[in-house]
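Structure at a glance
Below, each chain spelled out in residue letters.
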Amino acid sequence: MQDPEADTATPTFADLDIDARVLQALSDVGYENPSPIQAATIPPLLEGRDVVGLAQTGTGKTAAFAVPILSRIDTTVKRPQALILAPTRELALQVAEAFGKYSAHIPGLHVLPIYGGQSYGVQLSGLRRGAQVIVGTPGRVIDHLAKGTLDISELEFLVLDEADEMLTMGFQEDVERILADTPESKQVALFSATMPGAIRRLSKQYLHDPVEITVKSKTTTSANITQRWVLVSHQRKLDALTRILEVEQFEAMIIFVRTKQATEDLAERLRARGFSASAINGDIVQAQRERTIGQLKSGALDILVATDVAARGLDVDRISHVVNYDIPHDTESYVHRIGRTGRAGRSGDALLFVAPRERHLLKAIERATRQPLTEIQLPSVEDVNAQRVEKFNDSITEALASDHLALFRRFVEDYEREHDVPLADIAAALAVLSRDGESFLMEAEPEPVAPPRRDREPRERPPRRFDDDGASRVGRDGQELVTYRIAVGKRHRVVPGAIVGAIANEGGLRRSDFGHISIRPDHSLVELPKDLSPETLEALRGTRISGVLIQLQPDSGAPSGRPSSYRQRDDRGERRHGERREYGGKKDWGDRGGRGKDFGGRGDKPHRGFRERSGERGQSGGHGSGGGYRGRD
């Protein structure tokens, strides 16, 4: 096993025999020296060797496999030559974007992301155009293979990115199905943060004499930077930022966003709210960039809205705060961003905005920095108003020392005599004029109106439990959950992780959106939010698990004339076969025997992430069913 950090020599990208066009693209985005995983991985991949790379998120794995693939790809061939599998659509888009940047100087190269939640039309047109690089999630790749719209029989490069995450989400069968459709002669690169037994077996079965490379993460952030994060939806980010800017005491601040357009939009909105803000991005000419940074250094400007590329090399001592308005795609970018504060031994503050679906990225950041991030709550309306009143009082105190005070006092006294208006009213009127029609105090937003109920039962009936077949109940976040039926079950050899992985990926759902899952012989029941949008429902109806169309539909419960399998008792109160009782939170499966086991897998093998819920089938063992699962973001 190679340890790239053992080599003290620091190569450059120019030393790695990379295609000149790719080298130029790397230079354009500011890359000069490869990271340890890149320096160790690129040479064997350029030689055609299979590689297993063990490294945390944010160590530069994407460039480690993208650079050698782009250096060897043939743009004259209009068919898929490289396939990169990623566990989530967010990662698939990130990888596709990176390939686009690194191939900027390679004409005729087409990169196509294919993932659940996007219309098939866009993906089909891209495949017909002849994309050489496909970046996809396992479920959607399987769909295209089943439809015959994707041909990987002549594939030359295959990459499994975040392989351990894919297996955790239940994609192992899909990954192996995809691997079975690829030629034996392909080159394979597998990247994973850990090496569990399943990954080891996958490596031995599908990789040929791979080079194994391990990179250990290091602490790369300064200890004098306080790192905090706040949970906020995308729609509320501007409101959240406004509250923080009004309450937080800062000297100068950089706000990082992902795109050039976002820098201009956000800076304009902040100026409209009275803040001194300006934008820098890759489109701004050097003279304007230098002028803007000079204003930031002198104190004429307090807030800079920037992209990662535009902020490279920025060194301004008075920057006390860095705000990650958009969470970075990788931890390396996060470290570079917050490194703009805490300079010259001074303390600094880093604040990260995290949308609900992005919470899983926090763990990657903490692993890479080896420093905790503290969650904070947004300032309340009362906090903001108290700060506004304090600033108003301070402005009065400051104005009382003005040289122009005597002139305006005479004007006010004349107005008082002529109109017989109290001085306090005149002062208040002048304060109103200074607001230019804007309200002074922040008002609390109205409570959101609950959507109309769509229950089949009358409203007066209380929500039933999941055990009553097809009923609704309250989930972890207080949202109402209902039961859906999908057309895959035990005979299809599905496991809960595969169900959650496919539905979360295709429908864009979060971990907290899932309730209980019950796998039956020929179908499964899944609790999902009642207020799923029509677009999400349509995407989920076309979802496949293990190649089978799930045909998602609301569960209507047990057929008429047949009792439900749960909670049916005779007149003597005895349990029927297969009925469950609760004892202190545990479940007992009646005469099938056995105490509850960890849910998932086969027999007694626990499935990670599932709580105690179902049991084994007496002495004969068998599959567990039911159980609660926290779905992925």
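Scope of this entry: the structure provided in the associated data block.

Cut-offs used in this document
- Residues numbered from 1 in each chain as written.
- Predicted model: local features only at pLDDT ≥ 70, side-chain atom pairs only at ≥ 80, totals over all residues.
- Heavy atoms only, no water.
- Helix = DSSP H or I, 4+ residues; strand = E, 2+ residues; numbered from the N terminus.
- Contact = heavy atoms within 4.5 Å.
- Areas by Shrake-Rupley, 256 points an atom, 1.4 Å probe, with all protein chains shown as cover.
- Expected span 1.5 Å × (residues − 1).
- Buried < 20%, exposed > 50% of the residue type's maximum accessible area, 1.4 Å probe, protein only.
- Salt bridge = Lys/Arg side-chain N within 4 Å of Asp/Glu carboxyl O.
- Polar contact = N/O pair within 3.5 Å; in protein donor to acceptor, adjacent residues only side chain to side chain.
- Axes fitted to C-alpha atoms, helices over the stretch in contact; angles between N-to-C directions.
- Left-handed = near helix turned anticlockwise from the far one by under 90°.
- Nonpolar A, V, L, I, M, F, W, Y, C, P; charged D, E, K, R; others polar.
- Core = buried A, V, L, I, M, F, W, Y, C linked by side-chain atoms within 4.5 Å.
- Pairing = 2+ DSSP bridges.
- Phe/Tyr/Trp six-rings, centres within 6.5 Å; stacked < 30°, edge-to-face > 60°.
- Parallel < 35°, antiparallel > 145°, perpendicular 65-115°, else oblique.

Regarding the overall build of the protein chain
- A tally of regular secondary structure across the protein chain gives 19 helices and 25 strands.
- The contacts of the protein chain with a sequence gap of at least 6 include a subset with a gap of at least 24, amounting to 71%.
- Per element, the accessible surface of the protein chain, about 31200 Å² overall, is 49% carbon and sulfur.

Description of helix H3 (residues 61-72)
- The terminal C-alpha atoms of H3, which comprises 12 residues, lie 18 Å apart, in line with the 16 Å expected from a rise of 1.5 Å per residue.
- The element H3 is extensively covered by neighbouring structure, given that 11 of its 12 residues are classed as buried.
- Buried within H3 are the following residues: Lys61, Thr62, Ala63, Ala64, Phe65, Ala66, Val67, Pro68, Ile69, Leu70 and Ser71.
- Residues of H3 that are buried make contact with helix H1 (20-28), helix H2 (36-46), strand E2 (82-85), helix H4 (89-102), strand E5 (157-160) and strand E6 (187-192).

Description of the pattern of salt bridges
- In total, this model carries 18 salt bridges according to the counting rule given.
- A salt bridge links Arg228 to Asp349; the shortest N-O distance between them is 3.7 Å. In this pair, Arg228 is assigned in strand E8 (residues 225-231) and Asp349 in strand E13 (residues 348-354), connecting sequence segments 121 residues apart.
- Put simply, Asp239 and Arg236 hold a salt bridge, and the shortest N to O gap is 2.8 Å.
- A residue is classified by how much of its surface remains accessible, and Arg236, at 31% relative accessible area, is partly exposed.

Observations regarding the side chain of His321
- Within the secondary structure layout, His321 lies in strand E12 (residues 319-324).
- You can call His321 buried: its relative accessible area is 6%.
- One polar contact links His321 to Glu248, side chain to side chain, over a distance of 3.1 Å.

Observations concerning the packing of helix H5 (residues 120-129) against helix H6 (residues 138-147)
- With their axes 13 Å apart at the nearest point, H5 and H6 run at an angle of 65° to one another. Regarding H5 and H6, the two cross each other, and that crossing is right-handed. The residues of H6 that touch H5, namely those facing Tyr120, Gln123, Leu124 and Leu127, are Arg140, Asp143, His144 and Lys147.
- Residues of the contact of H5 with H6, tallied by class, amount to three nonpolar, two polar and three charged.

What to know about the nonpolar core
- Grouped together as the largest cluster of nonpolar side chains are 40 residues, with contacts concentrated most on Ile18, Phe65, Ile84, Phe99 and Val133.
- Within the second largest apolar cluster, 32 residues are counted, among which are Leu127, Leu155, Ala163 and Ala198.

A short note on the pairing of E8
- Across the seven residues that make up E8, a large majority, five, are buried.
- Both E8 and E13 contribute to a ladder of seven bridges, which runs parallel. If you follow Ile225 over to E13, its bridge partner there is Gly348.

Examining the packing of aromatic side chains
- Taken as a whole, this structure holds five aromatic pairs when the rule is applied.
- Between Phe65 and Phe191 the ring centres are 5.5 Å apart and the planes differ by 50°, which places this aromatic pair in the tilted class. Taken as a pair, Phe65 in helix H3 and Phe191 in strand E6 lie far apart in primary sequence, 126 residues in all. Here Phe65 matches Phe191 in class, with each residue buried.

Regarding the packing of helix H13 (residues 331-338) against helix H14 (residues 360-369)
- Running from amino to carboxyl end, H13 crosses H14 at an angle of 65°, the nearest separation of the two axes being 9 Å. In terms of axis orientation, H13 runs roughly perpendicular to H14. Once H13 is placed against H14, the crossing between them reads as right-handed. Residues Thr331, Tyr334 and Val335 of H13 form the contact with H14, whose own contacting residues are Ala364, Ile365, Ala368 and Thr369.
- Residues of the contact of H13 with H14, tallied by class, amount to five nonpolar, two polar and no charged.

What to know about the sheet that holds strand E10 (residues 277-280)
- Taken in spatial order, the seven strands make up an open sheet running E10-E11-E9-E12-E13-E8-E14, and their pairing is parallel. Single-partner strands in this sheet number two, and they are E10 and strand E14 (374-375).
- Where strand E9 (residues 252-256) and E12 come together, five bridges link them in parallel fashion. Note that in E12 the partner of Ile254 across the bridge is Val322.

Topic: the side chain of Ser278
- Tracing the sequence through the fold places Ser278 in strand E10.
- The class of Ser278 is buried, set by a relative accessible area of 16%.
- Ignoring sequence-local partners within four residues, the contact set of Ser278 consists of Ala267, Arg271, Thr292, Leu301, Ile303, Leu304 and Val305.

Remarks on the sheet that holds strand E4 (residues 133-136)
- Overall, parallel pairing links the seven strands, which are arranged E3-E4-E2-E5-E6-E1-E7 in an open sheet. Pairing within the sheet leaves two strands with one partner each, and these edge strands are strand E3 (111-114) and strand E7 (211-214). Mean inter-strand twist for the sheet, computed between neighbouring axes without regard to direction, equals 15°.
- As paired strands, E2 and E5 are joined by four bridges and run parallel to one another. Each residue of the ladder has a partner; that of Ile84, found in E5, is Val159.
- With respect to the sheet, helix H9 (residues 197-206) is in contact with strand E1 (51-54), E5, E6 and E7, its orientation differing from that of E6 by roughly 170°.

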